[in-house]
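Secondary and tertiary structure notes
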Amino acid sequence: MEQRKVAFITGGSRGIGQAICIALAKEGYHIGFNYVSGDETNPNVIKTKQLIEEYGVEVFSIKTNIASFKDTQIMFDEVIKVFGRIDVLVNNAGITKDNLLLKMKEEAFDEVIDVNLKGTWNCMKCVSKIMLKQRCGSILSMSSVVALHGNAGQVNYCASKAGIIGMSVALAKELGTRGITVNTLAPGFIDTDMTQGLSEEIKQQLVKQIPLGKLGNVEDIANAVVFLTSEKAKYITGQTIYVDGGMGL
Ligand code: NAP
């Protein structure tokens, strides 16, 4: 296989993750991604692979629950067997289990922390080792505007997304001397399955809080990922970039 750069995106089967896979494929990266639902016959997985292949790059997909460190390690062992390296890691996979604190079950807190925060740690730990050997790489993790600004009904999600920012800044300090950048993206409200459940009324209320006057789309996030993982961003590390139409201002 031609020695192109390799990007791995967690939760690449849908929404923001799928858009990131396509955008990085367009930049010429070979693409690895994981998903958690179904198997290789999952229509989202098939579709994502087709869209990536249109750019003439190699694609590898694997079913893995990133909440398990053991399974995450196996996943990255497989990625290395296929591609031999990882230049870009995008920690995108995430879930919500919303409820007001007094109604929130302990399992809903644990599950969101396990996937969003521990899952990101699992991936960072496995991939840091690979990037340290390469002495280069870029790690970008998906936080959220609510990490800083909060949102009623999301104490679990806000905690996980704020944790990702702290963890990324610490890792940026650990890996900087080896030429590895570690950054965080904080999207605002983006039109995906995750936000499909919101009523039209709530969406309209949200739009009123956004200076740019509209919800974001998946390409808005993918464009920021392309820049932050590119050579042009090689002197940017430990930062959180808000892609939220100004919502957090
Ligand atoms: P989405 O449409 O719900 O897609 C979530 C992706 O994560 C899917 O590919 C899903 O795989 C995967 N996933 C879920 N649980 C997993 C697990 N345990 N192990 C591995 N993969 C798992 O979400 P999205 O809206 O694109 O959001 C992507 C990221 O951006 C998330 O971290 C989210 O918190 C963050 N974000 C989103 C918004 C927004 O407004 N949408 C705003 C701020 C931040 P399957 O397809 O197999 O289920």
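The sections below set out a description of the structure shown in this document. Bear in mind that the values here come from a model prediction, so they are computed numbers and not experimental data.

Moving on to the environment of P187. Within the secondary structure, P187 is located in strand 6 (residues 180-187). With 122 residues separating them in the primary sequence, P187 and N65 have C-alpha atoms 23 Å apart. Each residue touching P187, except ones within four places of it in the same chain, is listed here: M142, S143, S144, V145, I221, V243 and D244.

Lining the immediate environment of the ligand, one finds 31 residues, of which S13, S37, N92, Y157 and T192 sit closest. Interatomic distance of 3.2 Å between a backbone N/O atom of G11 and an oxygen atom of the ligand. Between N65 and the ligand, the recorded distance is 2.8 Å, taken from a side-chain N or O atom to a nitrogen atom. When the free accessible area of the ligand is taken as 900 Å², the share hidden by the protein chains comes to 95%.

With that settled, the discussion passes to the state of the cysteines. As enumerated under the stated definition, the model contains 0 disulfides in all. Free cysteine: C126, not disulfide-bonded; nearest cysteine sulfur from C123 at 6.8 Å. With relative accessibility at 5%, the residue C126 sits in the buried group.

As summarised here, the arrangement of the 7 strands in space is 3-2-1-4-5-6-7, forming an open sheet in which the pairing is parallel. The sheet is open, and its two edges are formed by strand 3 (59-63) and strand 7 (240-243), each paired on a single side. Neighbour to neighbour, the strand axes of the sheet diverge by 15 degrees on average, direction disregarded. Pairing analysis gives 6 bridges linking strand 5 (residues 137-142) to strand 6, with the strands arranged parallel. The partner of G137 across the bridge, within strand 6, is I180. Those strands touched by helix 2 (residues 43-53) are strand 2 (30-35) and strand 3, and its axis lies near 170 degrees from that of strand 2. Along the sheet, helix 3 (residues 69-83) contacts strand 1 (6-9), strand 2, strand 3 and strand 4 (88-91); its crossing angle with strand 3, the most-contacted strand, is approximately 160 degrees.

Definitions and limits used
- Residues numbered from 1 in each chain as written.
- Predicted model: local features only at pLDDT ≥ 70, side-chain atom pairs only at ≥ 80, totals over all residues.
- Heavy atoms only, no water.
- Helix = DSSP H or I, 4+ residues; strand = E, 2+ residues; numbered from the N terminus.
- Contact = heavy atoms within 4.5 Å.
- Near = heavy atom within 4 Å.
- Polar contact = N/O pair within 3.5 Å; in protein donor to acceptor, adjacent residues only side chain to side chain.
- Areas by Shrake-Rupley, 256 points an atom, 1.4 Å probe, with all protein chains shown as cover.
- Disulfide = S-S within 2.5 Å.
- Buried < 20%, exposed > 50% of the residue type's maximum accessible area, 1.4 Å probe, protein only.
- Pairing = 2+ DSSP bridges.
- Axes fitted to C-alpha atoms, helices over the stretch in contact; angles between N-to-C directions.

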